[in-house]
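# Structural overview
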Amino acid sequence: MDKEIANLIHEEQERQRHGFELIPSENYVSRGVLEANGSVFTNKYSEGYPSFEGLTEWMDERIAEEILPNRRYYGGQENTDRMERVAIARACRMFGADHANVQPHSGAQANMAVYNAWMEPGDKILGMDLSHGGHLTHGAPVTQSAQIYNFIRYKQKDTTTGEIDYDELEEIALKEKPKILLVGYSAYPRIPDFKRMAEIGNKIGALLMADMAHVAGLIVGGEHPNPFDYGFHVITTTTHKTLRGPRGGLILTKGKVGDPIKKAPPKTLENIPTLIDKSVFPGTQGGPLMHTIAAKAVAFGEALQPEFKVYATQVVKNARILAEEMQKLGFILLTGGTDNHLILADVHKSFGIDGAEAERVIDEIGLSLNKNSIPDDPLTMFKPSGIRLGTPAITTRGLTEKEMPQIAKWLKAAIDARDDEVKLAELKQEVAEMAIRFPLPSDPKKKAKK
Ligand SMILES: *Cc1c(COP(=O)(O)O)cnc(C)c1O
């Protein structure tokens, strides 16, 4: 119906088919997720929340009766209610949570909703320094949250191992008494000590918040600790990174939920699920994206299957092997390797080029990754020292440890050939030839030739 956009969709599909996605925050969704995301649920307004019918084990029955009739603002919700309840139940099952809010439009919205639920303007929140791996939404000066709240920082103690400076963190926490202790990163290849963090946070009565946007799929697949096992109160995440769903956000909590439409309850840990529901809607969002929630439900269903464990295990294995192969070729890796799905390399120190230049030439051969600052980067944000890459998407495509040495060789070859257009074109051809052997999961299955 719209040739201009149809052509662009086709070209994007071809770009994805003929290259490999190494950006660690990206993935390829299944056909089921894609179809749900493109469904008629997009036509529906569903402000409010579904009733808890069928989820009564999470709440006291008196409340259930009281709030059943009046939790949506518009009619026609018989299917949206059932669908959102499925999404909530699956989300809880994935993380061992008591309550889930599946409505945040994105990871940023999820974080903002938690901040807004728990803090007053000017309150303090203790998170990782941005150049040490924290996310933009953890108080980058350019964000609205940085204007509202007071972000204070902890760091890695030793960037050659990635160990966090827990003693310094504890000192800051005891002195500053932040309302939230925030764990969770965008560019950190190691696993934080959730137990130690929880002990520190509990000493000062902080809300323990884990932003698991990057590693959520690894948690569900059993390849990364689950912060709830260490007493964390809230998990926020995106649904489109390792979790392999549609673009969106998700908030998980422990504890019973009350009625978010009523007057706000006191800000106690016990009331956290209700405070968060209220903060998502009507606090910070309007109508939820019901087509996206349908796609989330499909993705959560997939993540609960045994095959998802196999995927998560392979993601981590692929990352470890790719990191080793890169090191053999002279890449200097931050923290000396990886325990999760992502790798940070200091290309400036390794090869004397900046991360933007590396990103550009590697992109030219059909491999996407991103430039990234390294801790206390001597270079600028737009031409930083590092690149960041990861294995979730290529693992979804079906690549295993067998293909990792080749990926590492291409990365190095692109950097070496950065001034040689002919060589870069040859490499692009090689990448494309391999890529088309690994179809996107949403591609129609090829019919066997008779
Ligand atoms: C990606 C990410 C987010 C934000 O997600 P969006 O959906 O892009 O808003 C938040 N926190 C962390 C740690 C992330 O990596």
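Below you will find a few notes about this structure.

Conventions adopted
Every residue gets a number counted from 1 within its own chain, in the order that chain's sequence is written. Side-chain atom pairs in this predicted model are given and counted only at pLDDT of 80 or more, local residue features only at pLDDT of at least 70, and totals for whole chains, interfaces and linings cover all residues. Calculated side-chain values reflect all of the structure's heavy atoms, with hydrogen atoms and water omitted. A cavity here means a set of 1 Å grid points, computed over protein atoms only, where a 1.4 Å probe fits but cannot escape. A pocket is an open set with protein on both sides within 12 Å along at least 5 of 7 lines, and lining residues have an atom within 4 Å of a point. Grid points are joined across faces, edges and corners, and a volume is the space filled by probe spheres set on the points. Ten residues, namely Ala, Val, Leu, Ile, Met, Phe, Trp, Tyr, Cys and Pro, are considered nonpolar, four, namely Asp, Glu, Lys and Arg, are considered charged, and the remaining ones, Gly among them, are considered polar. In short, DSSP must find at least two bridges between two strands for them to pair. The helix and strand labels rest on DSSP assignments: H or I over at least four residues marks a helix, E over at least two residues marks a strand, and numbering proceeds from the N terminus. Note on method: axes are straight lines fitted to C-alpha atoms, helices fitted across the in-contact stretch only, with angles between N-to-C directions ranging 0 to 180 degrees. Categorising residues by exposure relies on relative accessible area from a 1.4 Å probe, with only protein chains included: less than 20% of the type maximum marks a residue as buried, more than 50% marks it as exposed, and the intermediate range marks it as partly exposed. The rule is short: rings of Phe, Tyr and Trp, with Trp giving its six-membered ring, pair when the centres are within 6.5 Å, and they are stacked under 30 degrees, edge-to-face over 60, tilted in between. Charge over a ring is defined by NZ of Lys or CZ of Arg lying within 6 Å of the ring centre and within 35 degrees of the ring normal.

## Describing empty space enclosed by the protein
- Inspection of every chain in the model, using the stated rule, returns one cavity of 30 Å³ or more.
- Lining the largest cavity are 13 residues, and of these Tyr185, Tyr188, Val215, His224 and Asn340 sit closest to its centre.
- For the lining of the largest cavity, a count of residues per class yields seven nonpolar, four polar and two charged.

## Here we look at the sheet that holds strand E14 (residues 386-390)
- Ordered by their spatial adjacency, three strands build an open sheet running E11-E14-E13, and the pairing between neighbours is antiparallel. Of all strands in the sheet, those with a lone pairing partner are strand E11 (342-346) and strand E13 (370-372), marking the two edges. Each strand of the sheet is rotated relative to its neighbour by a mean of 35 degrees, with strand direction disregarded.
- Pairing of E13 with E14, which is carried by three bridges, proceeds in the antiparallel orientation.

## Notes on the pairing of strand E10 (residues 249-253)
- Taken across its five residues, E10 has five buried, putting it largely inside the fold.
- Of the two faces of E10, the one carrying Gly249, Ile251 and Thr253 and the one carrying Leu250 and Leu252 are both buried.
- Here strand E2 (residues 99-101) runs beside E10; their pairing, made up of three bridges, is antiparallel. Considered in E10, the bridge of Asn101 is made with Ile251.
- Of the pairings in the sheet, the one linking strand E9 (residues 234-238) to E10 comprises five bridges and is antiparallel in character. Pairing of Thr238 across the sheet is with Gly249, part of E10.

## With respect to the packing of aromatic side chains
- Applying the stated criterion across every chain yields a total of 10 aromatic pairs.
- On the basis of an interplanar angle of 25 degrees and a centroid distance of 6.0 Å, the ring pair of Phe194 and Tyr230 is categorised as stacked. Of this pair, Phe194 sits in helix H8 (residues 194-203) while Tyr230 sits in the loop between helix H9 (216-220) and E9; the two residues are 36 residues apart in sequence, bridging distant segments of the chain.
- Three or more aromatic residues joined by ring pairs make a cluster, and in this case those are Tyr115, Tyr149 and Phe151.
- Positioned above the aromatic ring of Phe228, the side-chain terminus of Lys254 is 5.5 Å from the ring centre.
- For the cation-ring pair, Arg397 lies above Tyr28, with the distance from its terminal atom to the ring centre recorded as 5.0 Å.

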